Amino acid sequence: MSHDLELIQVGKTYDDGTVAVAGFDLAVSRGEFIAFLGPSGCGKTTTLRMIAGFEAISSGTIRIRGRVVNDLPPERRPTSTIFQSYALFPHMTVRRNIGYGLEVKGLAKADREAKVDRILAALGLEDIAERRPDRLSGGQRQRIALARGLVVEPDILLLDEPLGALDANLRRAIQNELRLLQRTLGITFVFVTHAQSEALSLSDRIVVMNQGRVEQISPPRELYTRPSTAFVAQFIGRNMIFEGTVVEARDGTASIRTPLGVLSGLVNGAVGEGGSAKVVVPSEAITLRAGVPSSPHAGNAVPARVVHSQVVGHVRRIAVDLDGARRLALEAHVDKYPDDAFAVGSHLTLGWSPGDATVIAA
Ligand SMILES: Nc1ncnc2c1ncn2[C@@H]1O[C@H](COP(=O)(O)OP(=O)(O)OP(=O)(O)O)[C@@H](O)[C@H]1O
């Protein structure tokens, strides 16, 4: 398989001793859309800047299309970077802003113009080609930045929170355009974001980072349904997490004894009988039943008490108290349950199918 980008044990320690990135491994296929997702300060931007060549790496190897680029300056790497600030030249027209990278590369005027015209048309910017960026909207400026990154025909486009400055509606519209464009061009995109929904809707795979390390690399759906670490389970989606001791692990399924009963799910990673483990249950997978669990030993049956209940349109929003210490927000479709099922103070049993929950080592 041909890899466009490979990071092998890449690390970055800044001069002041801050370890920003450590032991980062990643292999990206040609045409993939990869998102780096994680809390502020986890090392996303540093990693992107190391790929672009703006930041020297402290350890490891970066390869682009098989060639080690560790010591190449940014302009000699087959990458383009788009920053959140767009960094457009205010005194140049849109056309010149877009063509500037080709000018620097020494391309003849006729070739330059042809390429710029093509990208102006692809991004619907022809009508504003002769204007200056300071007289344009945020969305238009964002498209110009994108055009400028793409016109040099990079192997890899690196995007650092490029939609961060846009309002929510525009952001959604441009997300769709970006995905479409990426598919059409077949260029590899590496996208930094701390917006979970953006990463989940745009990318082929997401790299979840935490404190300079990779927690998990998976397609969005898998990250959602099969988290492999406690950090990912807490960071992505809305999960309930229960901790306990493994009483049985067989054929990919494990049962965990917890203070709330014996709970089970599919195993992700190595989990051994007698060891500590966590059961991760997505809130979407939870079913509700009126009354307390039928037996204290019933599997996947967690007792809960309703503490808040409110109908909002077709949905009833409820909050339940699990064990005196934990409160959980859930939603139930009003048509699915009788009106009095969720009166404040009533007892409920939360359940789920073992196939919808994940067991990970604690
Ligand atoms: N030039 C620098 N010198 C020293 N430490 C730095 C420097 N740049 C970043 N750091 C530190 O490195 C760590 C990673 O920073 P980085 O900007 O890569 O994180 P990030 O995940 O992109 O965060 P954000 O989402 O807030 O942009 C942080 O602890 C940050 O404070």
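Residues numbered from 1 in each chain as written. Predicted model: local features only at pLDDT ≥ 70, side-chain atom pairs only at ≥ 80, totals over all residues. Heavy atoms only, no water.

The protein has a UniProt comment under Sequence similarities (unreviewed entry) that states "Belongs to the ABC transporter superfamily." (UniProt positions renumbered as here; feature names shortened; annotations may be inferred.)

A. Up close: the overall build of the protein. Broken down by element type, the protein carries eight helices and 20 strands. Counting only C-alpha atoms, the protein reaches 80 × 45 × 40 Å along its principal axes. Within the protein, buried positions represent 48% of all 362 residues. In the structure as shown, the protein presents an accessible area of about 17,000 Å², 49% of it carried by carbon and sulfur atoms. Taken together, the 41 basic and 39 acidic charged side chains of the protein have centroids lying 2 Å from each other. (Helix = DSSP H or I, 4+ residues; strand = E, 2+ residues; numbered from the N terminus. Buried < 20%, exposed > 50% of the residue type's maximum accessible area, 1.4 Å probe, protein only. Areas by Shrake-Rupley, 256 points an atom, 1.4 Å probe, with all protein chains shown as cover. Lys, Arg positive; Asp, Glu negative; His and termini not counted. Charge placed at Lys NZ, Arg CZ, Asp CG, Glu CD.)

B. Local environment of the domain arrangement of the protein. You can read the domains of the protein as domain 1 (3–225) and domain 2 (238–361). The distance between the C-alpha centroids of domain 1 and domain 2 comes to 40 Å. (Domains from an automatic or database assignment.)

C. Representation of the site of the ligand in the model. Around the ligand lies a shell formed by Tyr14, Asp16, Thr18, Ala20, Pro39, Ser40, Gly41, Cys42, Gly43, Lys44, Thr45 and Thr46. Gly41 places a polar main-chain atom, nitrogen or oxygen, 2.8 Å from an oxygen atom of the ligand. Here the ligand, which alone exposes 630 Å², has 60% of that area covered by the protein. A total of three residues in the shell around the ligand trace back to one element, the largest contributor, which is helix α1 (residues 44–52). Of the residues in the shell around the ligand, the class split is four nonpolar, six polar and two charged. (Near = heavy atom within 4 Å. Polar contact = N/O pair within 3.5 Å; in protein donor to acceptor, adjacent residues only side chain to side chain. Nonpolar A, V, L, I, M, F, W, Y, C, P; charged D, E, K, R; others polar.)

D. Looking closely at the sheet that holds strand β14 (residues 276–282). What the five strands build is a closed barrel, ordered β11-β12-β13-β20-β14; its pairing is mixed. Neighbouring strand axes in the sheet, compared pairwise and without regard to direction, differ in orientation by 55° on average. For strand β12 (residues 253–258) and strand β13 (residues 261–267), the ladder comprises six bridges, and the chain directions are antiparallel. What sits directly across from Ile256, in β13, is Leu263. (Pairing = 2+ DSSP bridges. Axes fitted to C-alpha atoms, helices over the stretch in contact; angles between N-to-C directions.)

E. Region of the structure containing the layout of surface pockets. Taken as a whole, the largest pocket encloses approximately 710 Å³ of empty space. In terms of lining residues, the largest pocket is bounded by 25 residues, among which Thr79, Ser80, Thr81, Gly101 and Val152 are the most central. Residue classes in the lining of the largest pocket are distributed as 14 nonpolar, six polar and five charged. Counted as a void, the second largest pocket has a volume near 230 Å³. (1 Å grid on protein atoms, 1.4 Å probe; cavity = no way out; pocket = protein on both sides within 12 Å on 5 of 7 lines; lining within 4 Å. Points joined across faces, edges and corners; volume = space filled by probe spheres on them.)

F. The confidence of the model for the protein, seen in detail. Residues at a pLDDT of 70 or more form 99% of the protein, whose mean pLDDT is 90. Within the protein, no element has a lower average pLDDT than helix α5 (residues 168–185), which sits at 83, and none a higher one than strand β4 (residues 59–64), at 98. (pLDDT = per-residue confidence, 0-100.)

G. The arrangement of helix α4 (residues 138–151) in detail. The end-to-end C-alpha distance of α4 is 20 Å, a good match for the 20 Å that 14 residues give at a rise of 1.5 Å each. Counting buried positions along α4 gives eleven out of 14 residues, so the element sits mostly inside the fold. Every buried residue of α4 is listed here: Gly139, Gln142, Arg143, Ile144, Ala145, Leu146, Ala147, Arg148, Gly149, Leu150 and Val151. Residues of α4 that are buried sit in contact with β6 (79–82), α2 (94–104), α3 (109–122), β7 (156–160) and α5. (Expected span 1.5 Å × (residues − 1). Contact = heavy atoms within 4.5 Å.)

H. Region of interest: the packing of aromatic side chains. Taken as a whole and assessed by the stated rule, the structure comprises seven aromatic pairs. With a centroid separation of 5.9 Å and an interplanar angle of 50°, the aromatic rings of Phe54 and Phe83 are classed as tilted. Pair noted here: Phe54 is in the loop between α1 and β4 and Phe83 is in the loop between β6 and α2, with a separation of 29 residues, a long-range link. A relative accessible area of 27% means that Phe83 is categorised as partly exposed. When the ring of Phe89 is compared with that of Tyr100, the centres are 4.9 Å apart and the planes differ by 65°; the resulting orientation is edge-to-face. With Phe89 in the loop between β6 and α2 and Tyr100 in helix α2, this residue pair connects regions lying eleven residues apart in the sequence. (Phe/Tyr/Trp six-rings, centres within 6.5 Å; stacked < 30°, edge-to-face > 60°.)

I. Region of interest: the pairing of strand β16 (residues 301–312). Sheet topology note: the β16/strand β19 (residues 347–351) ladder contains five bridges and is antiparallel. Paired with Pro303 across the strands is Thr349, a residue of β19. Adjacent in sequence and paired antiparallel, β16 and strand β17 (residues 315–321) are bridged by two residues, among which Gly313 carries a positive phi angle near 65°.

J. Region of interest: the packing of α2 against α3. Where α2 meets α3, the axes come as close as 10 Å, and the angle between the chain directions of the two elements is 130°. One finds that α2 runs oblique with respect to α3. Crossing geometry of α2 relative to α3 is assigned as right-handed. Across the interface between the two elements, Val94, Arg95, Ile98, Gly99, Leu102 and Glu103 from α2 touch Arg112, Glu113, Lys115, Val116, Asp117, Ile119 and Leu120 from α3. (Parallel < 35°, antiparallel > 145°, perpendicular 65-115°, else oblique. Left-handed = near helix turned anticlockwise from the far one by under 90°.)

K. Broad picture of the side chain of Thr229. You can see Thr229 is positioned in the loop between α7 (220–225) and α8 (230–235). Among the polar contacts made by the side chain of Thr229, one reaches the side chain of Glu215 at a distance of 2.6 Å.

L. Inspection of the pattern of salt bridges at higher detail. Overall, the coordinates contain 18 salt bridges when judged by the stated rule. Here Glu6 and Arg63 are joined by a salt bridge, their closest N and O atoms 3.4 Å apart. Here Glu6 is found in strand β1 (residues 3–13), whereas its partner Arg63 is found in strand β4, with 57 residues between them in sequence. Taking the relative accessible area as the measure of exposure, Glu6 reaches 18% and is therefore buried. The salt bridge partner of Arg171 is Glu198, with a shortest N-O separation of 2.8 Å. Placement of Arg171 in helix α5 and of Glu198 in helix α6 (residues 196–202) is noted, with a sequence separation of 27 residues between them. Per residue, the accessibility class of Arg171 equals that of Glu198, and both read buried. (Salt bridge = Lys/Arg side-chain N within 4 Å of Asp/Glu carboxyl O.)

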